Amino acid sequence: MPYPRPFVSWRRILTLTLAVLMFIQLTAGAAFAQFNFDFTLKDEKELGRKLAVLIRTRVPLVEDPYIVNYCRKVVKRLVAVMPPQPFDIDVNVIRHSAVNAFAAPAGHVFIHTGLLLNFDSESEVAGVLAHELAHVSQRHIAHKVERTQTLSILSLLGALAGMFVGGEVGEGMIMGSQAASASAQLKYSREDETEADRIGMNYLVSAGYPAQGLLDSFKKIQKLSWLGGGNTIPTYLSTHPGIDVRIGYIDSLLHRMNRQTPEKQDNTEFLRVQALLRAEYTDPKSALQYFSQQKSEFPCLDAMGRGVALSRMNRFKEAEVAFREALQCGSDDSLVCREAGRFYFAKGDFKTAGYLLDRAAAMDPDDLMALFFLARLQGEQGHADTSARLYERILRAIPEDPEVHFYYGRMLGSAGHLFKAHLHLAYSALYKEKRRQYEMYKQKASGYQRTPEEKAELEEMQEIFDERSEYWQ
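Quantities reported herein were computed from a predicted structural model and do not represent experimental measurements.

Draft legend 1. Region of interest: the overall build of the protein. A count of helical and extended segments in the protein gives 25 helices and three strands. Burial statistics for the protein: of 473 residues in total, 55% are counted as buried.

Encoded structure:
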């Protein structure tokens, strides 16, 4: 959860994904090897789980809980007005510039940062997500899987990954004639898209968003497609039917609707998320230029954005000036305090960092990033019990974060809790897909295991490893 890691090449992701898909074909159990029977909810959940794990382990995800939780709130608001669903809706944010969002089988929703950065309002984002959730509620993919002939899991996962990810990377995931054939069979039809537009519009309005949000989102996609030659637009968003046809249909829906919609939407939180995304997850030079020229209604966030971008470029003196400017007008802004606190923590000024992070956590108790750096700060200052309580609280919310496990393990080791220390270091290696490190730390943890409870913890970790490692090279 520190400042973002370097962007992962999509070419590397593609190579790894192809290898993983081939490996799944060899290791998947016979019970899930093919579908030529009724595709039940249980089957859909299993397919969705495998596809979601594959995506999460093979594409770079945004780890900042502030951004992810915002997206989950928007989805939760839409789900609240949908009919009861037979599965939980899960939300992740993919770090990639494509203007894309998709909902995999069984409600696994993925939102690209390009969608968040290129749209102008929350209602536009909600419009796309409402459309995708309509595909889930109508089980469009499930019905198509059920109607296809015998399909191997390799072909099915490859076809779905290609369809949802889109573009050159998605096309590269469609391996072999069977997968190509499956991809053609699984693509949303004109009827599917029309139904998702209509039902998605109802979800959008019922959730309190302007119906115009869905129309505006497709107009924005159309404009970006013209400007960028379609390279950042997933294929499935521009075909079956095309954007022009869908805009016309949505426009006709708007004219037929007789509903009151809010006159004005509050986009404050959306714009804050945009600022954080641009500062932390785009090219730092471009981000610095943007925030230096930006004359927005949030000057404190602009200064914060400059500070984050400058710190990512190792221009620390200039970054401190920018953070001081941000704090002069934004000392009561939890996000400004959090980012400034992270900066001073990295600088080694623990007194200032502690003050700012405490303020951030007091103003926003759910900001896990602020809690994470407070946990590290408490550990650095020798307050092991306080640090441990904070780490445990964070892990209850995000149990698969490798950085949290890593720093928690280091702190426990310094405090002499060697079984727990090596257990969490093993978890960190597991979620980073470092097989040798995992085996090493697991073996060390086993050497310190003394109680039945500790034995059970090791067994539980091994079960997670066994499930996830099938997707590794």
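Draft legend 2. Highlighting the sheet that holds strand β3 (residues 108-112). With respect to topology, three strands assemble into an open sheet ordered β1-β3-β2, the strand pairing being mixed. Each of the sheet's edge strands pairs with one partner strand only, and the pair in question is β1 (90-94) and β2 (101-104). Going from strand to strand, the sheet's axes swing by 20 degrees on average, the running direction of each strand aside. Summarising the sheet, β1 and β3 pair through five bridges and their orientation is parallel. Paired with Asn92 across the strands is Phe110, a residue of β3. Packed onto the sheet, helix α3 (residues 65-79) meets β1 and β3 and runs at close to 135 degrees relative to β1.

Draft legend 3. Quick peek at the packing of α3 against helix α14 (residues 268-281). Two elements in contact, α3 and α14, have axes whose closest approach is 10 Å; the angle formed by their N-to-C orientations is 140 degrees. Here α3 is positioned oblique relative to α14, judged by the angle of their axes. Considering how the two elements wind past one another, α3 and α14 form a crossing that is left-handed. Here Tyr66, Ile67 and Tyr70 of α3 lie close against α14, whose contacting residues are Glu269, Phe270, Arg272, Val273, Leu276, Leu277 and Tyr281.

Draft legend 4. Up close: unusual backbone geometry. A positive phi angle, close to 65 degrees, is found at Ala106, a residue other than glycine. Turning to its location among the elements, Ala106 is positioned in the loop between β2 and β3.

Draft legend 5. A look at the pairing of β2. Of the two faces of β2, both are covered, the one formed by Ala101 and Ala103 as well as the one formed by Phe102 and Ala104. Pairing geometry for β2 and β3, over four bridges, is antiparallel. If you follow Ala103 over to β3, its bridge partner there is Val109. What sits between β2 and β3 in their antiparallel hairpin is a turn of three residues, with Ala106 showing a positive phi close to 65 degrees.

Draft legend 6. Local environment of the pattern of salt bridges. Inspection of every chain in the model, using the stated rule, returns 21 salt bridges. Across the pair Asp333 and Arg272 runs a salt bridge whose closest N-O atoms are separated by 2.7 Å. With a gap of 61 residues between them, Asp333 in the loop between α17 (316-330) and α18 (334-347) and Arg272 in helix α14 connect regions that are remote in the sequence. A relative accessible area of 14% places Asp333 in the buried class.

Draft legend 7. Local environment of the packing of helix α21 (residues 384-397) against helix α22 (residues 402-414). The interhelical angle for the contact between α21 and α22, taken along N-to-C directions, is 160 degrees, at an axis separation of 10 Å. By the angle class used here, α21 and α22 are roughly antiparallel. For the pair α21 and α22, the crossing hand works out as left-handed. Two secondary-structure elements touch here, α21 through Ala384, Ser387, Ala388, Tyr391, Glu392, Ile394 and Leu395 and α22 through Val404, His405, Tyr407, Tyr408 and Met411. Among the residues making up the contact of α21 with α22, the classes are represented as nine nonpolar, two polar and one charged.

Draft legend 8. Up close: a negative patch on the surface. Negative charge collects at one region of the surface, where Glu459, Glu460, Glu463 and Asp466 lie side by side. Relative to the helices and strands, Glu463 resides in helix α25 (residues 452-469). Overall, the relative accessible area of 56% leaves Glu463 in the exposed class.

Draft legend 9. View of the packing of aromatic side chains. This structure, assessed with the given rule, holds 13 aromatic pairs. For the pair Phe343 and Tyr344, a centre-to-centre distance of 5.2 Å together with 75 degrees between the ring planes defines the contact as edge-to-face. For Tyr344, a relative accessible area of 5% gives the class buried. The interplanar angle of 85 degrees and the centroid separation of 5.1 Å between the aromatic rings of Phe406 and Tyr407 together place this pair among those described as edge-to-face.

Draft legend 10. Structural context of helix α16 (residues 299-312). Relative to the 20 Å expected for 14 residues at 1.5 Å per residue, α16 spans 20 Å between its end C-alpha atoms, a close match to the ideal helical length. Burial within α16 is extensive, with 12 of its 14 residues counted as buried. Among the residues making up α16, those that are buried are Cys300, Leu301, Asp302, Ala303, Met304, Gly305, Arg306, Gly307, Val308, Ala309, Leu310 and Ser311. Considering only its buried residues, α16 is in contact with α14, α15 (284-293), α17 and α18. Following α16 by one or two positions, Asn314 has its phi on the positive side, about 65 degrees.

Draft legend 11. Focus on the state of the cysteines. In this structure the tally under the stated criterion is one disulfide. For Cys300, the disulfide goes to Cys329, at an S-S distance of 2.0 Å. In this pair, Cys300 is assigned in helix α16 and Cys329 in helix α17, connecting sequence segments 29 residues apart. Look at Cys329 and you get partly exposed, because its relative accessible area is 41%.

Draft legend 12. Spatial organisation of helix α19 (residues 350-363). If you check α19, its first and last C-alpha atoms are 20 Å apart, about what 14 residues at 1.5 Å a residue would give, namely 20 Å. Buried residues of α19: Ala353, Gly354, Leu356, Leu357, Ala360 and Ala361, and no others.

Draft legend 13. Quick look at the environment of Leu390. Position of Leu390 among the secondary structure elements: in helix α21. Spatially, the C-alpha atom of Leu390 lies 9.6 Å from that of Tyr408, the residues being 18 residues apart in sequence. Setting aside its immediate chain neighbours within four residues, Leu390 contacts Leu371, Leu374, Ala375 and Gln378.

Reading the values: rules and limits
- All residue numbers here refer to positions counted from 1 along the written sequence of the relevant chain.
- Local features in this predicted model are restricted to residues whose pLDDT is 70 or higher, and side-chain atom pairs enter the listing and the counts only when it is 80 or higher, whereas totals over whole chains, interfaces and linings include all residues.
- Only hydrogens and water are set aside when side-chain values are computed; all heavy atoms of the structure are taken into account.
- Secondary structure elements are taken from DSSP: a helix is a run of H or I of four residues or more, a strand is a run of E of two residues or more, and numbering for both begins at the N terminus.
- Classification of residues uses two cut-offs on accessible area relative to the type maximum, computed with a 1.4 Å probe and protein chains only: under 20% is buried, over 50% is exposed, and between them is partly exposed.
- By this definition, two strands are paired if DSSP reports at least two bridges between them.
- Lines fitted to C-alpha atoms define the axes here, with helix axes fitted over just the stretch in contact, and angles between the N-to-C directions of these axes take values from 0 to 180 degrees.
- Any two residues whose heavy atoms approach within 4.5 Å are treated as being in contact.
- Orientation categories follow fixed angle ranges, with anything under 35 degrees roughly parallel, anything over 145 roughly antiparallel, 65 to 115 roughly perpendicular, and all other angles oblique.
- Each crossing is labelled by how the near helix is turned from the far one, with a counterclockwise turn of less than a right angle marking it left-handed and a clockwise turn marking it right-handed.
- The working definition used for a salt bridge is a side-chain nitrogen of Lys or Arg within 4 Å of a carboxyl oxygen of Asp or Glu.
- Following the grouping adopted for this structure description, the nonpolar residues are Ala, Val, Leu, Ile, Met, Phe, Trp, Tyr, Cys and Pro, the charged ones are Asp, Glu, Lys and Arg, and the polar ones are all others, Gly among them.
- What makes a patch is a set of residues exposed beyond 30% relative accessible area and free of salt bridges, joined within 9 Å when like-charged and within 5 Å when nonpolar (Val, Leu, Ile, Met, Phe, Trp, Tyr).
- Surface accessibility follows the Shrake-Rupley procedure with a 1.4 Å probe radius. Residue values consider only the protein chains on display as shielding.
- Charged residues are defined narrowly, with Lys and Arg counted positive, Asp and Glu counted negative, and His plus the chain ends left uncounted.
- To locate a charge, the coordinates of NZ of Lys, CZ of Arg, CG of Asp or CD of Glu are taken.
- Pairing of aromatic rings covers Phe, Tyr and Trp, the last counted by its six-membered ring, and requires centre-to-centre distances within 6.5 Å; plane angles under 30 degrees mean stacked, over 60 mean edge-to-face, and any other angle means tilted.
- Helices are assigned an expected span. That span is 1.5 Å times one less than the residue count.
- Disulfide: a pair of cysteine sulfur atoms within 2.5 Å of each other.

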